[in-house]
Amino acid sequence: MSDASRERLAAQLAEAVAEALRQDLATQERALLVVSGGSTPVPFFRALAACELPWSRIDVTLADERWVPETAADSNARLVREHLLQGPAAEAHFAPLTTSAPTPEQGEAEVAERIERLAWPASVVILGMGGDGHTASLFPDSQELALALATDAAAVAVRTPSQPQPRITLSADRLHQARRHVLHISGGDKRAVLARALAGDDSRELPIRAFLSCPLATYWAP
């Protein structure tokens, strides 16, 4: 897969998200964008940061986060700060999903309060997807998956055998509270997982299925 096609996809997604934010800000004081971490969104973050927007009226938060310091290499907050909140986009209000508490279970209530104060419903929620069908930190092997799929709480602390760090995730209910949902993926393996997800309905097997019943714009490059 060429980097050029992923860059083009990122630019298209950035323009679509920017237009959605402009539309919502025409009728409301603030707008919320929920993004995901990982390597796939980096070109999108850079493209969106270059868009002309009233950034000071935009809230940004994450779909999920590893419970690590923001200085850690694998912190999603660090990724957002380094690639999205640059130039004029630094004026956006960023709400990270971690606190100074030693565990996500201890920080969960504070994070939930912080999330509740944002401009819901979100203008756009941008989801990623792993090879196991997880999205946000809704992992098929997580003990907290059933809770995260069912609760109306904003955030859920998650521990997953397949992942080295504990995590915190927005609940499926909270992620559903958006005017627009986007799935941003790349590679043939992810396309195959999505096809398998579309062929069934058990969200515990492939958690991305929890979002396939709502309109989901898929941005995919080889």
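The following refers to the structure shown.

About the thresholds
- Residues numbered from 1 in each chain as written.
- Predicted model: local features only at pLDDT ≥ 70, side-chain atom pairs only at ≥ 80, totals over all residues.
- Heavy atoms only, no water.
- Pairing = 2+ DSSP bridges.
- Helix = DSSP H or I, 4+ residues; strand = E, 2+ residues; numbered from the N terminus.
- Axes fitted to C-alpha atoms, helices over the stretch in contact; angles between N-to-C directions.
- Contact = heavy atoms within 4.5 Å.
- Buried < 20%, exposed > 50% of the residue type's maximum accessible area, 1.4 Å probe, protein only.
- Right-handed = clockwise from strand over helix to strand, strands pointing away.

## Comments concerning the sheet that holds strand S6 (residues 155-158)
Stage number 1. Taken in spatial order, the 3 strands line up as S3-S7-S6 in an open sheet, and their pairing is antiparallel. Here the strands that pair on one side only, and so sit at the sheet edges, are strand S3 (64-66) and S6. Each strand axis lies, on average, 15 degrees off the axis of its neighbour in the sheet, ignoring direction.
Stage number 2. As defined by bridge partners, S6 adjoins strand S7 (residues 167-170) across 4 bridges and the pair is classed as antiparallel. Pairing of Val156 across the sheet is with Thr169, part of S7.
Stage number 3. Of the strands in this sheet, S6 and S7 are in contact with helix H4 (residues 104-116), which crosses S6 at around 160 degrees.

## Overview of the pairing of strand S2 (residues 58-62)
Stage number 1. In terms of burial, S2 is largely enclosed, as 5 of its 5 residues are buried.
Stage number 2. Burial along S2 is two-sided: the face carrying Ile58, Val60 and Leu62 and the face carrying Asp59 and Thr61 are both buried.
Stage number 3. In the sheet, strand S1 (residues 31-35) pairs with S2 via 5 bridges, with the strands oriented parallel. Residue Ala31 lies in a different strand from S2, and its bridge partner there is Ile58.
Stage number 4. Between the parallel pair S1 and S2, the chain is carried across by helix H2 (residues 42-49), and the sense of this crossover is right-handed.

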